[in-house]
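# Summary of the model geometry
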Amino acid sequence: DVVAEKETKMKVMQEINGLRTSWYWLSWFLYFLICGSICSCVTLILTAGVSQVFGNSNLFLVFAIFMLSYAQIFAVACCLSIVCDRADTAGRIAQMAFNGLMIASA
C-alpha cells in the first residue's frame, strides 16, 4: 500500500495539501500497529487457546514475537517504498525476500 500511494502520487498530493511527512509515516505505523495487533491476537488465540501449542510459554513474549514480526514487515515495506516505484515490483521483491528467509531458517 505504501508503494501504491507512491505510484499513484497520492503522497505528493497529501504533501501539497499540507500533510507533514512525520504525520504520513505515523499514520502508516499506526495502521500497521492496529492490523498487526489484531492478527497477533487472533494467531495467539488460535495457537495458544484452541490448540495449546504454547502450553508452557509466556503468552506476553509470544505476542511480542508476533508483533516484532509485523514490525519487520513494516520495515521492509518502508525500505521497498524507497527503492520501488511500482506496487507489483515491490510485492514480488518482498515475496522473494520472505521466501528466501523462510528457506534459510528451515
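Our subject is the structure that appears above.
For the structure given in this document, a descriptive report is provided here. (Residues numbered from 1 in each chain as written. Predicted model: local features only at pLDDT ≥ 70, side-chain atom pairs only at ≥ 80, totals over all residues. Heavy atoms only, no water.)

### Section: the pattern of salt bridges
- Taken as a whole, this structure holds 2 salt bridges when the rule is applied.
- A salt bridge links arginine 86 to aspartate 88; the nearest nitrogen and oxygen atoms lie 3.3 Å apart.
- Classification of arginine 86 by relative accessible area gives partly exposed; the value is 47%.
- Of the residues examined, aspartate 88 reaches a relative accessible area of 32% and is grouped as partly exposed.
- A salt bridge links arginine 92 to aspartate 88; the nearest nitrogen and oxygen atoms lie 3.8 Å apart. Here aspartate 88 and arginine 92 lie together in helix 5 (residues 87-105), a separation of 4 residues that amounts to about one turn.
- Its relative accessible area of 55% is what places arginine 92 among the exposed residues.
- Because the salt bridges share partners, they merge into one network encompassing Arg86, Asp88 and Arg92. (Salt bridge = Lys/Arg side-chain N within 4 Å of Asp/Glu carboxyl O. Buried < 20%, exposed > 50% of the residue type's maximum accessible area, 1.4 Å probe, protein only. Helix = DSSP H or I, 4+ residues; strand = E, 2+ residues; numbered from the N terminus.)

### Re the packing of aromatic side chains
- This model, assessed by the stated rule, comprises 6 aromatic pairs.
- Between the aromatic rings of tyrosine 31 and phenylalanine 32, the centroid separation amounts to 5.7 Å while the plane-to-plane angle is 85°, which identifies the pairing as edge-to-face.
- Looking at tyrosine 31, the relative accessible area reads 41%, which means it is partly exposed.
- Taken together, a centroid distance of 5.1 Å and an interplanar angle of 50° make the contact between phenylalanine 32 and phenylalanine 74 tilted. Of the two residues, phenylalanine 32 sits in helix 3 (residues 21-50) while phenylalanine 74 sits in helix 4 (residues 59-83), which places them 42 residues apart along the sequence.
- Exposure remark for phenylalanine 32: the relative accessible area of 23% places this residue in the partly exposed category.
- For phenylalanine 74, a relative accessible area of 13% translates into the label buried.
- Cluster of aromatic residues (ring-pair linked, three or more members): Trp28, Phe29, Tyr31, Phe32 and Phe74. (Phe/Tyr/Trp six-rings, centres within 6.5 Å; stacked < 30°, edge-to-face > 60°.)

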